[in-house]
Amino acid sequence: RSLHPLGLRPDARKPNILFIAVEGGRADALDDKTMPNLSQLGRDSFRLTKHFSSGNETRFGIFGLFYGLPGNYWVRALKQQITPPWFDLLAGNGYEFKILSCTDLNFPGFRQTCFLKLAPAITDNWHSPHLDRDRLMTDGFLAYLAERAGRPAPPSPFLGFLSFDASHQPYEYPPEDSINEGAKSGEINYLKLAMSPAGAKALKGSYLNSLHYIDRQIGRVVKALQDRGEYEHTIIVVVGDHGEEFGELGRCGHGNSFNRFQTHTFAVLHLPGEAPRVINHLTSHVDFVPSVLTWMGITNAPGD
């Protein structure tokens, strides 16, 4: 629960809120070659250059993103099945929810924590090959936007969540996203990597290609919001759930070290009507909830 009941001022803004989480989206992957659409969104928004996840794996990163708490509180929230109090605040103010994930949200337990009360709003099973899910998930969100546009009355604001996963090992991507020569998708020999982490460097091209594929989907989402007239009424948060290491400090992947490659993620924040800016001071996943709610007009102090 929050320290005090949450409330919004009578004149509070009530924008759409869209969280986009990218598996292993490390900070230096955000460039015009690898992620041109997200780079453009960053130039139109807040780009956070020294941004860190609330952990080094998905459960801790997403937990910090939605709860505004450090990742080490995850175990207690899971055990007690505690949902984010601000979701109740939004629901009480007429918000609808659309939760889409390329992976089953039963693992690592998001259906039992942040999305416990939102089961009817969840789609996380695509009955398709892993590679196709990022595209199909994007199709699903675009269909939702089209359905909203076709309603006879103005739609309610929404909170949306899109969780992209092609950039998880083994870093899959379609042929049109092969922007790095010599990169190949396929099974990864983790025993070899454990014995020789330097070999992980050879995987980085495939990883970047998979992010290029995800970036195309993000571009489709942004364009659809613009075409439907919802872009200037939507807060958009795009982050890596955690980082990804390729042998730079003797490790590979994520979840095995708290070094900067596994925790420093890209982060873009679009706030409607706010001028673009580059934020160079330290920020974290735990900052988003208090920042977004303060911008909207919450009556509580950030400490709540």
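Calculation rules
- Residues numbered from 1 in each chain as written.
- Predicted model: local features only at pLDDT ≥ 70, side-chain atom pairs only at ≥ 80, totals over all residues.
- Heavy atoms only, no water.
- Buried < 20%, exposed > 50% of the residue type's maximum accessible area, 1.4 Å probe, protein only.
- Helix = DSSP H or I, 4+ residues; strand = E, 2+ residues; numbered from the N terminus.
- Pairing = 2+ DSSP bridges.
- Contact = heavy atoms within 4.5 Å.
- Arc of directions from axis to C-beta.
- Salt bridge = Lys/Arg side-chain N within 4 Å of Asp/Glu carboxyl O.
- Axes fitted to C-alpha atoms, helices over the stretch in contact; angles between N-to-C directions.
- Core = buried A, V, L, I, M, F, W, Y, C linked by side-chain atoms within 4.5 Å.
- Phe/Tyr/Trp six-rings, centres within 6.5 Å; stacked < 30°, edge-to-face > 60°.
- Lys NZ or Arg CZ within 6 Å of the ring centre and 35° of its normal.
- Parallel < 35°, antiparallel > 145°, perpendicular 65-115°, else oblique.
- Nonpolar A, V, L, I, M, F, W, Y, C, P; charged D, E, K, R; others polar.
- Disulfide = S-S within 2.5 Å.

*Asks:* Please explain the pairing of strand 4 (residues 96-101) as it appears in this structure.
*Replies:* Walk down a regular strand and you will see the side chains alternate between the two sheet faces. Burial of strand 4 is extensive: five of the six residues sit out of reach of the surface. By the bridge criterion, six bridges tie strand 4 to strand 6 (residues 158-164) in an arrangement that is parallel. Across the sheet, the residue bridging to Glu 96 is Phe 158, located in strand 6. In the sheet, strand 4 pairs with strand 5 (residues 122-123) via two bridges, with the strands oriented parallel. Residue pairing for strand 5: Ile 99 is matched across the bridge by Ile 122.

*Asks:* Honestly, the environment of Ser 167 in this entry has me stumped. Any pointers?
*Replies:* As for its position among the elements, Ser 167 is in the loop between strand 6 and helix 6 (190-195). The buried category is assigned to Ser 167, whose relative accessible area is 1%. Excluding anything up to four places from it in sequence, Ser 167 contacts Val 22, Glu 23, Tyr 207, Ser 210, Leu 211 and Ile 214.

*Asks:* Is there a simple way to explain helix 9 (residues 288-296) in this structure?
*Replies:* Given 3.6 residues per turn, any residue in an α-helix points the same way as the ones three and four places further on. Looking at helix 9, one finds that the buried residues are Phe 288, Val 289, Val 292, Leu 293, Trp 295 and Met 296. For helix 9, the buried positions fall inside an angular range of 160 degrees around the axis, keeping them on one side. Two residues or fewer after helix 9 comes Gly 297, characterised by a positive phi angle close to 120 degrees.

*Asks:* Explanation requested: the pattern of salt bridges in the structure shown.
*Replies:* Side chains carrying opposite charge are able to pair once their charged atoms draw close together. Summed over the entire model, instances satisfying the criterion amount to 19 salt bridges. The partner of Asp 32 in a salt bridge is Arg 43, with the nearest N and O atoms 3.1 Å apart. Here the residue Asp 32 occupies a position in the loop between strand 1 (16-22) and helix 1 (36-43), and Arg 43 occupies one in helix 1, the gap between them amounting to eleven residues. Owing to a relative accessible area of 47%, Asp 32 belongs among the partly exposed residues under this scheme. For Arg 43, a relative accessible area of 43% corresponds to the partly exposed category. A salt bridge links Arg 151 to Glu 96; its shortest N-O distance comes to 3.1 Å. One end of the pair, Arg 151, is in the loop between helix 5 (130-149) and strand 6; the other, Glu 96, is in strand 4, and 55 residues separate them in sequence. A residue is classified by how much of its surface remains accessible, and Arg 151, at 25% relative accessible area, is partly exposed.

*Asks:* Honestly, the sheet that holds strand 11 (residues 277-279) in this entry has me stumped. Any pointers?
*Replies:* Sheet strands line up and pair through hydrogen bonds in the backbone, either parallel or antiparallel. Spatially, the eight strands line up as an open sheet ordered 5-4-6-1-7-10-2-11, and their pairing is mixed. Single-partner strands in this sheet number two, and they are strand 5 and strand 11. Taken strand by strand, helix 2 (residues 58-67) contacts strand 1, strand 6 and strand 7 (234-240), and its axis lies near 165 degrees from that of strand 1. Along the sheet, helix 7 (residues 204-227) contacts strand 1, strand 6 and strand 7; its crossing angle with strand 1, the most-contacted strand, is approximately 170 degrees.

*Asks:* Would you mind showing me how to read the pairing of strand 10 (residues 267-270) here?
*Replies:* Residues Ala 267 and Leu 269 of strand 10 are buried on one face, and the alternating residues Val 268 and His 270, pointing to the opposite face, are buried as well. Pairing of strand 2 (residues 46-48) with strand 10, which is carried by two bridges, proceeds in the antiparallel orientation. When the bridges of strand 10 are listed, Phe 46 appears paired with Leu 269. Sheet topology places strand 7 next to strand 10; four bridges connect them, and they run antiparallel. In the strand pairing of strand 10, Val 237 is matched with Leu 269.

*Asks:* Sorry if this is basic, but what is going on with the nonpolar core here?
*Replies:* Nonpolar side chains in soluble globular proteins tend to be buried together. In this structure, Ile 17, Phe 19, Phe 66, Trp 86, Phe 115 and Met 296 are the most contacted members of the largest nonpolar core, which totals 44 residues. Examining the composition of this core, we find that six residues originate from one element, helix 9, more than from any other. Residues contacting Met 296, with those up to four places away along its chain left out, are Leu 8, Ala 12, Arg 13, Pro 15, Ile 17, Leu 90, Tyr 95 and Ile 235. Residues Tyr 144, Ala 200, Tyr 213 and Tyr 231 belong to the second largest nonpolar core, which totals 42 residues.

*Asks:* Got a minute to help me understand the packing of aromatic side chains in this structure?
*Replies:* Centre-to-centre distance and the angle between the planes together describe a pair of aromatic rings. Scanning all chains against the criterion turns up 17 aromatic pairs. Here the aromatic residues Phe 19, Phe 66, Trp 86, Phe 87, Phe 97, Phe 115 and Phe 161 are joined through ring pairs into a cluster of three or more. Directly above the ring of Trp 295 sits Arg 13, whose terminal nitrogen or CZ lies 4.1 Å from the centroid.

*Asks:* Honestly, the packing of helix 1 against helix 7 in this entry has me stumped. Any pointers?
*Replies:* Any two packed helices are characterised by the angle at which their axes cross and by the distance between the axes. It is at 7 Å that the axes of helix 1 and helix 7 come closest, and there the two elements cross at 50 degrees. Here helix 7 runs oblique to helix 1, going by the angle between their axes. Here Pro 36, Asn 37, Leu 38 and Leu 41 of helix 1 come into contact with helix 7, specifically with His 212, Asp 215, Arg 216, Gly 219 and Val 222. Split by residue class, the contact of helix 1 with helix 7 holds four nonpolar, three polar and two charged.

*Asks:* What should I look at first to understand the state of the cysteines in this one?
*Replies:* Here, disulfide denotes a covalent bond that connects the sulfur atoms of two cysteines. All chains considered together, the criterion is met by zero disulfides. Cysteine Cys 102 remains unbridged, with the sulfur of Cys 114 as its closest cysteine sulfur at 16 Å.

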